[in-house]
Structures are given as C-alpha cells and as structure tokens.
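Here is what each chain is made of, one letter per residue.
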Amino acid sequence: MKKKITYLLIVMVIIFGVARLTGMISYYNIASTGTEPNLKLNSHFVGSNLITPKRLDFAYYNSVNEQFGKMTIIQRLIALPNDVVRCVDGKFFVNDKNIDNALSLRYSYKLSKEDFNTHIINDFVDDESFYAYPTSSDSIVAFLDEDYVKDLTFNLKRELSHDSSNLSKDIKSKTNLSWTINNFGPITIPAGKYFFVGDNRDNSLDSRYSGFVDEEDIKGALLFQF
C-alpha cells in the first residue's frame, strides 16, 4: 500500500512539474496594490496558458521595466485588437460602452486632514493596501475603494491626474496634445496588441504608461486567487 501511495505521489509531482514548466499551471504572488481591491496585496493566484483571456478577465504577461527588469504582471485585460478605447475623466469606454460600471475599483480622492483623521485613518491601520499622502498642510490624497467611499458620511472629490508626460507613445496623439492619463482617445488597438489596466486606477503602472501588450507576451489567465 505504501509503495502505491509513494508511486502516486511521484506521478503527481511529475505531472505538476511538467504543468509548471509548460505554463499549463502557473503560480505567482501579488506584490503590489495595482490590482486592488479585487486582487489583494500579498495574496497568491494560480493561472494557466490553456485559457485564452477575454475582455475584463485578469491575465498575466511579461514586461520589461527599466528599474526592475523583467517582470510578470497581472492586470485586467480591457481591450483586444480592433477595439476602440476612450478614457473620460478616468472612466474607460471600450467600443462606446462604459466598462467601469460593472467593476469595483479603487481611485484617489482629495480630502481634508480633519476628515481623514476623523473618519478614515483607523481603516488605514487595519489595511496595509490603503495608501495616502499629504498635498498641503490641511489636505490629503487617499486611495480608496468605491464601495468604501459610498458609505462615508462626507463628500469626497476624485483627484484626477492631468499629466501627459508619462502617457505611452502608443496612446499619445500627434494632433490632440490635450490628451492625458485620464482623458484620451478614441484609439483603436492594433492587430496583435492588447490593452491592460489595474483596478487601482490611480496607482497602477499599466498600458496607459507602458503601452500596448504584445500577444506573444501574454502568458495566461487567472484561474483563482487565494
């Protein structure tokens, strides 16, 4: 009986090893907050290259960053080849459909230090994925989930970046110089290219900055997170 169990374990290890080597099964940890609130900081996920990611799926791809070198990044796939993408005040439209309405997202908001210290700071202590920084002596920008914000008893204003210097050359318009990180388009995704964004929309290094993702760099889609 013990020999059968040992043999079975060996076979399972071999199968798992082959699956890992071929990409049929991949295992990663999530080391950033770029996919919050839906893929949690310090959680783990299993994915597979046997699944072709669809629009709005989480998928992972290889990317090369000047600071960090080669990385595997997981983000939400929002646009496929020939899709038309617009971003209006930080909201994404794909083929004229507002895709953000169906998602739970995280954005940056500007608020007073008094409101932050009275209503929010304790939640920041409890959740290390939350992030905030002061903009003046009496105001703070905090990155908060939509679902969290709607239950607050005071009004918040989204803090929209109007930066255009970091906008990817894949997106920059030669004729419309007013395009920014949060206002651009329409653009048509070229053949063999894909557009990814993080659900933490104001704190994610995604296709707005790094450009379109080549089809051959996409390595698989999310199976489950734990």
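First things first, this report covers the structure right here in the doc. The structure displayed is predicted, hence computed values, not measured ones.

Summing up its helical and strand segments, the protein has 4 helices and 15 strands in all. Residues classed as buried in the protein amount to 42% of the 226 residues present. Within the protein, counting contacts between residues at least 6 apart in sequence, those at least 24 apart form 60% of the total. Of the roughly 12,900 Å² of accessible surface on the protein, 54% is carried by carbon and sulfur atoms.

Two side chains of opposite charge can pair, provided their charged atoms sit close to one another. All told, the structure shown has 12 salt bridges when counted by the stated rule. A salt bridge links Lys40 to Glu36, with the shortest nitrogen-to-oxygen separation between them at 3.6 Å. Among the residues examined, Lys40 registers a relative accessible area of 37% and is labelled partly exposed. Residue Glu36 is classed as buried on the basis of its relative accessible area, which comes to 2%. What you see here is one network of salt bridges that share partners, running through Glu36, Lys40, Arg106 and Asp145.

The subject of this paragraph is the sheet that holds strand β10 (residues 139–145). The sheet built from 4 strands is open, its strands ordered β9-β10-β8-β11 with antiparallel pairing. Bordering the open sheet on either side are β9 (131–134) and β11 (157–158), each of which pairs with just one other strand.

Assignment of secondary structure puts Glu216 in the loop between β14 (213–214) and β15 (218–225). Glu216 gets classed as exposed once you look at its relative accessible area, which sits at 56%. Note: C-alpha distance between Glu216 and Asn62 (154 residues apart in sequence) is 9.0 Å.

This part covers the nonpolar core. Counting residues in each nonpolar core, the largest one holds 17 residues, and the members touching the most others are Ile78, Val85, Phe92, Ile171, Phe184, Ile187 and Phe195. Those elements that place two or more of their residues in this core are β4 (69–79), β5 (84–88), β6 (91–94), β12 (184–188) and β13 (193–197). In this structure Ile78 touches Arg55, Leu56, Asp83, Phe92, Val94, Ile99, Phe195 and Val197, once residues within four positions along its chain are discounted. Membership of the second largest hydrophobic core comes to 16 residues, among which are Ile140, Leu144, Tyr148 and Val149.

With that settled, consider a nonpolar patch on the surface. A surface patch of nonpolar side chains, about 660 Å² in accessible area, is lined by Met24, Tyr27, Leu50, Ile51, Leu223, Phe224 and Phe226. Tracing the backbone shows Phe224 in strand β15. What makes Phe224 partly exposed here is its relative accessible area of 45%.

Before going further, it helps to spend a moment on the environment of Ser137. As for its position among the elements, Ser137 is in the loop between β9 and β10. Take Ser137: its relative accessible area is 66%, and that puts it in the exposed class. Linking Ser137 and Lys113, residues 24 residues apart in sequence, is a C-alpha distance of 8.1 Å.

With that settled, consider unusual backbone geometry. Each neighbour pair has its own omega, and for Glu36 with Pro37 the value is 5 degrees, a cis peptide bond. As for its placement among the helices and strands, Pro37 is situated in the loop between β1 (26–29) and β2 (44–48). Geometrically, the link from Gly185 to Pro186 is a cis peptide bond, its omega value of 10 degrees lying close to zero. Assignment of secondary structure puts Pro186 in strand β12. Even without being a glycine, Asn42 presents a positive backbone phi close to 70 degrees. Among the structural elements, Asn42 can be located in the loop between β1 and β2. With a phi angle near 50 degrees, Asp89 is a residue other than glycine that sits in the positive phi range.

Calculation criteria
Residues numbered from 1 in each chain as written. Predicted model: local features only at pLDDT ≥ 70, side-chain atom pairs only at ≥ 80, totals over all residues. Heavy atoms only, no water. Helix = DSSP H or I, 4+ residues; strand = E, 2+ residues; numbered from the N terminus. Buried < 20%, exposed > 50% of the residue type's maximum accessible area, 1.4 Å probe, protein only. Contact = heavy atoms within 4.5 Å. Areas by Shrake-Rupley, 256 points an atom, 1.4 Å probe, with all protein chains shown as cover. Salt bridge = Lys/Arg side-chain N within 4 Å of Asp/Glu carboxyl O. Pairing = 2+ DSSP bridges. Core = buried A, V, L, I, M, F, W, Y, C linked by side-chain atoms within 4.5 Å. Patch = residues over 30% accessible without salt bridge, like charges linked within 9 Å, V, L, I, M, F, W, Y side chains within 5 Å.

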